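# Commentary on secondary and tertiary structure
Listed below, chain by chain, are the residues.
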Amino acid sequence: MAELELVTVPTRILTDNDDIVDAIVEYGGHNIGPEDIVCVAESVVAITQGHFTRPEELTPSWQARLINRFVPAEGSMSSVYGMQAAMEIDGKWKVLGAFILGAIAKIFRKNGVFYSISRAAALADDVTGTMPPFDKHIVYGPKNPDKVAEKIVSRTGCYGAVVADVNDLKRSAVLGTSSGVDASKIAKLLIDNPFGNDSQMTPIVIIKNYASVSAK
């Protein structure tokens, strides 16, 4: 009887010179079957897309400096450069507006409004948020994650694929899926963060036998 199993796939350090789908085929292709879900970490997808920057390439605006005064020391938006990086994607006025609305919402004990409006802020990994050599970079969210997931399915023949944002704080979100995949179910399976976000170098996780097990 087939059982659900999460298998991590070790790789070398992947850079913007790599194609994430090629890497999945190279390192995990031999273990990917037609009933499996292939999961890949969003930060590595973004890195292979060249979707990152260095803090010294940014010029913080007054909006970024203002917001940064009210942001706790922990988190991906703790530096003025991280905040400016989000503004480079979403626009400085949108991020400022999101911050103001988020602050108002907190008065009514509603959290997460800022990040729900500014997706760039939610997805950006500030410096030290990724493993070397990208720990000196700010990594944006991945571009076209649904398209990436569909390409993984096309190349590997797997049942489905997702691009996921998971950490050790029990935060699990699926940013992109191939057609027919239930993002909420996959997010729950990844809640304990099987990915290697540090020196483990396991940015790919295969959920074995998902199709047959979920059908029962």
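Shown above is the structure to which this text applies.
Only a predicted model underlies this, so the values are computations on that prediction, with no experimental measurement involved.

About the thresholds
Residues numbered from 1 in each chain as written. Predicted model: local features only at pLDDT ≥ 70, side-chain atom pairs only at ≥ 80, totals over all residues. Heavy atoms only, no water. Helix = DSSP H or I, 4+ residues; strand = E, 2+ residues; numbered from the N terminus. Buried < 20%, exposed > 50% of the residue type's maximum accessible area, 1.4 Å probe, protein only. Contact = heavy atoms within 4.5 Å. Expected span 1.5 Å × (residues − 1). Phe/Tyr/Trp six-rings, centres within 6.5 Å; stacked < 30°, edge-to-face > 60°. Core = buried A, V, L, I, M, F, W, Y, C linked by side-chain atoms within 4.5 Å. Salt bridge = Lys/Arg side-chain N within 4 Å of Asp/Glu carboxyl O. Pairing = 2+ DSSP bridges. Axes fitted to C-alpha atoms, helices over the stretch in contact; angles between N-to-C directions.

Our focus in this paragraph is unusual backbone geometry. Positive phi, normally seen in glycine, also occurs at Asn193, with a value near 55°. With respect to the element layout, Asn193 can be found in the loop between α9 (183–189) and β7 (204–208). Although it is not a glycine, Asn209 adopts a positive phi angle of roughly 65°. Within the element layout of this structure, Asn209 appears in the loop between β7 and α10 (210–214).

Right, let's talk about helix α4 (residues 80–90) for a bit. Among the residues of α4, those classed as buried are Val80, Gly82, Met83, Gln84, Ala85, Ala86 and Met87. In the core, the buried residues of α4 are packed alongside α3 (62–68), α5 (92–107), α6 (113–117), α7 (119–123) and β4 (138–139). A positive phi of about 100° marks Gly91, the residue just after α4.

Look at helix α8 (residues 145–156): 17 Å from first C-alpha to last across 12 residues, which is about the 16 Å you get at 1.5 Å a residue. Packing partners of the buried residues in α8 comprise α1 (20–28), β2 (37–41), α2 (42–48), β5 (160–166) and β6 (172–177).

Moving on to the packing of aromatic side chains. Tallying each qualifying case throughout the model produces 5 aromatic pairs. When the ring of Phe114 is compared with that of Tyr115, the centres are 4.9 Å apart and the planes differ by 65°; the resulting orientation is edge-to-face. The partly exposed category is assigned to Tyr115, whose relative accessible area is 35%. Through a chain of ring-to-ring contacts, the aromatic side chains of Phe70, Phe99, Phe114 and Tyr115 assemble into a single cluster.

Time to look at the nonpolar core. As a rule of thumb, soluble globular proteins bury nonpolar side chains together. Ile20, Cys39, Ile152, Ile186 and Leu190 are the most contacted members of the largest nonpolar core, which has 36 residues in total. The set of elements that each furnish at least two residues to this core consists of β1 (5–9), α1, β2, α2, α8, β5, α9 and β7. When residues no more than four places from it in sequence are discounted, the contact partners of Leu190 are Leu6, Cys39, Ala164, Val166, Ser172, Phe195, Val205 and Ile207.

By the definition in use, this model includes 7 salt bridges. Two residues, Lys151 and Asp19, come together in a salt bridge whose shortest N-O distance is 3.6 Å. Here the residue Lys151 occupies a position in helix α8, and Asp19 occupies one in the loop between β1 and α1, the gap between them amounting to 132 residues. Across the pair Arg171 and Asp165 runs a salt bridge, and its minimum N-O distance is 2.7 Å.

Judged by how many residues are buried, β7 sits mostly within the fold: 5 of 5 residues are covered. The side-chain alternation of β7 yields two buried faces, one formed by Ile204, Ile206 and Lys208 and the other by Val205 and Ile207. Bridge count for β1 against β7 is 5 bridges, and the pairing is antiparallel. Across the sheet, residue Glu5 finds its bridge partner in β7, namely Lys208. Here β2 runs beside β7; their pairing, made up of 4 bridges, is antiparallel. Each residue of the ladder has a partner; that of Val40, found in β7, is Ile204.

Turning to the sheet that holds β5, a few remarks are in order. Within the open sheet, the 5 strands sit side by side as β1-β7-β2-β5-β6. Their pairing is mixed. The outermost strands of the open sheet, each flanked by one partner alone, are β1 and β6. The mean angle between the axes of side-by-side strands here comes to 30°, regardless of whether they run parallel or antiparallel. Note: β2 against β5, 5 bridges, orientation parallel. By the bridge assignment for β5, Ala41 is matched with Ala164.

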